[in-house]
Amino acid sequence: MYVVGLTGGIGSGKTAASDYLASLGIGVVDADVVARDIVAIGQPALTQIAQHFGSDILQADGSLNRSALRAIVFHQPSERKVLESITHPAIRQRIQQQLANSTSPYTLLVSPLLFESGQYQFANRSLVIDASEDLQRQRASQRDGVSREQITSIMAAQLTRAERLQKADDIVINHGDLEELYQQLDLVHQRYLQLCQTY
Ligand code: ATP
């Protein structure tokens, strides 16, 4: 199993890049999707969260009330630690499981916090999709109308652009149009196909 960890700041083009590689037949494990799945109704992590934080953090239908939980952990680092001690092992386990189930020549692990969360440990190599902060802000706000403040606070929780680039094995600069992004991805894709054959 050869795993390429794909990351980048908010609005850098991670989804555009992983959608394109998926269209070439590459399996994608999305850490954000996994993080949501492990707290879905019926999942053991949700039961543990409700046991610790009380049923007030559940909606009437039994699903997680994210904003109620966020409000609790936001100002209380010890409570955040408890939450993470429940979610992180479940996320790690599910990521490993999905990577193991992938049958493509190599598999992408897409995670906005690949380096920050330690999920890089699952990857053989990292690919950073990079864009200037101006472009990141422009694209993120065009896509789903996130406010300037939200974008700034998400950026503050992520590595700086320079820190991320320093950790990257491979970098694709997403400053042009989508065609240019795909051309660069074709090159790294060929490289990964070679690397995974000799792995
Ligand atoms: P997030 O971290 O917020 O999930 P992301 O890194 O996954 O963001 P995308 O969703 O891929 O970023 O890109 C943000 C927006 O910018 C999307 O609407 C996408 O279609 C658009 N976009 C990405 N790259 C380009 C490009 N090269 N040219 C034009 N639009 C682009």
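Rules behind the numbers
- Residues numbered from 1 in each chain as written.
- Predicted model: local features only at pLDDT ≥ 70, side-chain atom pairs only at ≥ 80, totals over all residues.
- Heavy atoms only, no water.
- Pairing = 2+ DSSP bridges.
- Helix = DSSP H or I, 4+ residues; strand = E, 2+ residues; numbered from the N terminus.
- Axes fitted to C-alpha atoms, helices over the stretch in contact; angles between N-to-C directions.
- Contact = heavy atoms within 4.5 Å.
- Near = heavy atom within 4 Å.
- Polar contact = N/O pair within 3.5 Å; in protein donor to acceptor, adjacent residues only side chain to side chain.
- Areas by Shrake-Rupley, 256 points an atom, 1.4 Å probe, with all protein chains shown as cover.
- Nonpolar A, V, L, I, M, F, W, Y, C, P; charged D, E, K, R; others polar.
- Phe/Tyr/Trp six-rings, centres within 6.5 Å; stacked < 30°, edge-to-face > 60°.
- Domains from an automatic or database assignment.
- Buried area = accessible area lost by both parts, 1.4 Å probe.

### Thoughts on the sheet that holds strand E3 (residues 107–110)
Part 1 of the argument: Taking strand neighbours across the sheet as the criterion, the 5 strands line up as E2-E3-E1-E4-E5 in an open arrangement whose pairing is parallel. The two strands at the open ends of the sheet, each matched to only one other strand, are strand E2 (27–30) and strand E5 (170–173). On average, adjacent strands in this sheet sit at an angle of 25 degrees to one another, irrespective of strand direction.
Part 2 of the argument: Pairing analysis gives 4 bridges linking strand E1 (residues 3–7) to E3, with the strands arranged parallel. Bridge pairing links Leu-6 to Val-110 in E3.
Part 3 of the argument: On the sheet, helix H1 (residues 14–23) packs against E1, E2, E3 and strand E4 (125–130) and is oriented at approximately 150 degrees with respect to E1.
Part 4 of the argument: Set on the sheet, helix H9 (residues 178–197) makes contact with E1, E4 and E5; between it and E5 the angle comes to about 165 degrees.

### A closer look at the site of the ligand
Part 1 of the argument: Taken together, 14 residues lie around the ligand, and Lys-14, Thr-15, Ala-16, Arg-143 and Asn-174 are the ones closest in.
Part 2 of the argument: Between the ligand and the protein, one listed contact pairs an oxygen atom with a backbone N or O atom of Ser-12 at 3.2 Å.
Part 3 of the argument: Within the side chain of Arg-143, one N or O atom sits 2.8 Å away from an oxygen atom of the ligand.
Part 4 of the argument: Summarising the interface, the protein chains cover 75% of the accessible area of the ligand, which totals 640 Å² for the free molecule.
Part 5 of the argument: Among the elements of the structure, H1 and helix H6 (133–144) are those that each provide at least two residues to the shell around the ligand.
Part 6 of the argument: In terms of residues, the shell around the ligand owes the most to one element, H1, which gives 3 residues.
Part 7 of the argument: Each residue belonging to the shell around the ligand can be placed in one class, and the counts come to 3 nonpolar, 7 polar and 4 charged.

### Side note on the packing of aromatic side chains
Part 1 of the argument: Enumeration over the complete set of coordinates arrives at 4 aromatic pairs.
Part 2 of the argument: Taking 5.1 Å as the distance between ring centres and 75 degrees as the angle between the ring planes, the aromatic pair formed by Tyr-2 and Tyr-199 counts as edge-to-face. Separated by 197 residues along the polypeptide, Tyr-2 in the segment before E1 and Tyr-199 in the segment after H9 bring together distant segments of the chain.
Part 3 of the argument: Between Tyr-106 and Tyr-192 the ring centres are 5.3 Å apart and the planes differ by 75 degrees, which places this aromatic pair in the edge-to-face class.

### Quick look at the side chain of Asp-130
Part 1 of the argument: Tracing the sequence through the fold places Asp-130 in strand E4.
Part 2 of the argument: Engagement of the side chain of Asp-130 in a polar contact is seen with the side chain of Arg-161, the distance being 2.8 Å.

### What about the domain arrangement of the protein?
Part 1 of the argument: What the domain assignment lists for the protein is domain 1 (1–26 + 106–199) and domain 2 (39–103).
Part 2 of the argument: Taken together, the contacts link 7 residues of domain 1 with 7 residues of domain 2.
Part 3 of the argument: Contact with domain 2 buries area across many residues of domain 1, yet Met-1, Thr-107 and Phe-122 alone supply 66% of it, more than any other trio.
Part 4 of the argument: There are 1 residue pair in polar contact (both at pLDDT 80 or more) connecting domain 1 and domain 2.
Part 5 of the argument: Across the side of domain 1 that touches domain 2, the residue classes tally to 4 nonpolar, 3 polar and no charged.

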